[in-house]
Amino acid sequence: MPTASARPAPRVRRVVFVDGVRTPFGRARKDGIYAHTRADDLAVKTVRELLRRHPELAPERIDEVAIAATTQQGDQGLTLGRTVGVLAGLPRTVPGYAVDRMCAGAMTAVTNVAAAIGVGAQDVALAGGVEHMGHHPMGFDADPNPRFLSERLVANDALNMGVTAENLHDRFPALTRERADAYGVASQDKYAAALAAGKIDPDLVPVALRDPEHGWGLATADEPPRPGTTVEAIQKLATPFRPGGRVTAGTAAPLTDGAASCLLAAEDTAAELGLPTRMRMVSFAYAGVEPEIMGIGPVPATVKALERAGLTIEDIGLFEINEAFAVQVLAFLDAFGIADDDPRVNPYGGAIAVGHPLASSGVRLMTQLARQFEEHPEVRYGLTTMCVGLGQGGTVIWENPHHPDYEPTVGPTDIEEDAK
């Protein structure tokens, strides 16, 4: 019987985040800025912008395009990674595919291609997500298997994200409406301050708009934010998910349209091509939780990611937490003993202000963390985390290349020596 020859264990390559961009986010309604714009065209804009910003990257060097969407139908159906790549003008030799992990779609696209890069199957990849909730409302045309309810696999209210947020308030009495209201106002205030300081616009790609009635226009700014929001105003809002509840429009992410994409590469390939390193991926993890309290998902996912990285929560100097609901972020903070107003948490505000176009939000978190790393070279590690519908959470831990202890394993000089 033949035996396999002994081979050395494959070397795991370091994966770096080269760059990320997003469209301005729009409100998902008939008079929203993207009411007459196709979802796939939003994704195309982000891919083209990344290529424009990095002429040092020959398009044929891209090995994969992974684009996520939660509701994969109509103009965000087909195999988005492939169709977006073709529409963006990439060579036909560049393959692509679509991803769905609901809110963590773009995050999963990133970790999927990062894993492929890590084992040497790819060198450079594009990953991102798009969600046009104006064209494709969450859950539209979905047909949940009746066994979910008939066999009591999940509770009836587990399929309604707003109700799961109310359930978190029930499960953890310390998560009061007062705290949630204050957090919702803080998200708006932090976003407004970041916008005024010029920290939001550098990552936005303008989108041309065509309205049948008003002609052409240009989207250059996020539509959802509500500057000047006060606690008093939020306290007057209705609780649509439960009479006398605690979740309101002021403490939940608005329904949103938008897209985001990023470039990832092996560290040695980035050095060879002269691509920047804005972050290094350290570890990632996904975890399942009870669907009825899906908002707690980032907690076990973060525990797993920290264990895999050999780190503790005290090592994390910046947190980008998706604000599907204020209560979900508060549950995470309480689990790790972090104050509601800790300046390390969502320094630019979050989805309550800017919006949450489901499958695209993971890359928004990463792009913002990369910019914050540039501002804070004293911070070595940061994380991006989010809850996921039907009871999941996802977390990615990143290292700051601007930190004095950061040690790249390869640089341009190493590449030149290898070439000799």
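Source: prediction; values computed, not measured.

A cluster of nonpolar residues, F148, L149 and L153, forms a patch on the protein surface that exposes about 250 Å² of accessible area. With respect to the element layout, L149 can be found in helix 4 (residues 147-150).

Next up on the list: the packing of helix 9 (residues 298-309) against helix 10 (residues 326-335). Two numbers describe how helix 9 lies on helix 10: the axes approach to 9 Å, and their chain directions differ by 45°. It follows that helix 9 is oblique to helix 10 by the angle criterion. Facing P298, V299 and T302 of helix 9, the residues of helix 10 in contact are Q328, A331, F332 and A335. Of the residues assigned to the contact of helix 9 with helix 10, the class counts are 5 nonpolar, 2 polar and no charged.

Turning to the pairing of strand 6 (residues 207-211), a few remarks are in order. Successive side chains on a regular strand alternate, one facing one side of the sheet and the next facing the other. Here 5 bridges tie strand 6 to strand 7 (residues 215-219), and the two strands are oriented antiparallel to one another. Opposite A208, over in strand 7, you have L218 as the bridge partner. Hairpin connection, strand 6 to strand 7: the antiparallel pair is bridged by 3 residues.

What follows covers the confidence of the model for the protein. Across the protein, the average pLDDT comes to 94, with 95% of residues at 70 or higher. Here residues 1-5 is modelled with pLDDT under 50, and outside its nearest four sequence neighbours on either side it reaches 0 contacts, counting other chains as well. Counting interchain partners and residues more than four positions distant, the pLDDT-below-50 stretch residues 412-420 has 6 contacts.

The final tally for this structure, using the stated rule, is 25 salt bridges. Residue D222 pairs with R22 through a salt bridge whose shortest N-O separation is 2.7 Å. With a gap of 200 residues between them, D222 in the loop between strand 7 and helix 7 (231-235) and R22 in strand 1 (residues 15-22) connect regions that are remote in the sequence. In this pair, the class of D222 matches that of R22, namely buried. Notably, a salt bridge pairs R147 with E151, separated by 2.8 Å at the nearest N-O pair. Each of D19, D203, R278, R371 and E374 takes part in salt bridges that share partners, so that together they form one network.

Before going further, it helps to spend a moment on the UniProt feature "active site" (unreviewed entry) in the protein. Within the UniProt annotation, "active site" (unreviewed entry) is assigned to C103, H356 and C387. Spanning 285 residues, the named residues form one tight spatial group whose C-alpha atoms are at most 11.9 Å apart. With respect to the element layout, C103 can be found in the loop between strand 4 (96-99) and helix 3 (105-118). If we skip the residues at most four places from it in the chain, C103 touches T70, H356, L358, A359, M386, C387 and V388. Within the fold, H356 resides in the loop between helix 11 (351-354) and helix 12 (361-375). Given a relative accessible area of 6%, H356 falls into the buried group.

Parameters at a glance
- Within any chain, residue numbers begin from 1 and follow the written order of that chain's sequence.
- In view of the model being predicted, local features appear only for residues whose pLDDT reaches at least 70, and side-chain atom pairs are presented and counted only at 80 or more, with totals across whole chains, interfaces and linings using the full set of residues.
- The basis for the side-chain values is all heavy atoms of the structure; hydrogens and waters are excluded.
- Nonpolar side chains (Val, Leu, Ile, Met, Phe, Trp, Tyr) are joined into patches within 5 Å and like charges within 9 Å, using only residues with over 30% relative accessible area and no salt bridge.
- Every accessible area reported is derived by Shrake-Rupley at a probe size of 1.4 Å, with residue values counting cover from the shown protein chains alone.
- One side-chain nitrogen of Lys or Arg within 4 Å of one carboxyl oxygen of Asp or Glu is enough to make a salt bridge.
- Strands here mean DSSP runs of E at least two residues long; helices mean DSSP runs of H or I at least four residues long; both are numbered from the N terminus.
- Every axis corresponds to a line fitted to the C-alpha atoms, with the helix fit spanning only the stretch in contact, and the corresponding angles, defined between N-to-C directions, vary from 0 to 180 degrees.
- Every angle not falling under 35 degrees, over 145, or within 65 to 115 is termed oblique; those three ranges are roughly parallel, roughly antiparallel and roughly perpendicular.
- Whether two residues are in contact is decided by their heavy atoms, any of which lying within 4.5 Å being enough.
- Any residue that is not Ala, Val, Leu, Ile, Met, Phe, Trp, Tyr, Cys, Pro, Asp, Glu, Lys or Arg is counted as polar, Gly included; the first ten are nonpolar and the last four charged.
- For two strands to count as paired, DSSP must find a minimum of two bridges between them.
- pLDDT is a residue-level measure of predictor confidence that goes from 0 to 100.
- Between buried and exposed lies partly exposed: a residue is buried under 20% and exposed over 50% of the maximum accessible area for its type, with that area taken using a 1.4 Å probe on protein chains only.
- UniProt positions are given in the numbering used here, feature names are shortened, and annotations may be inferred rather than shown by experiment.

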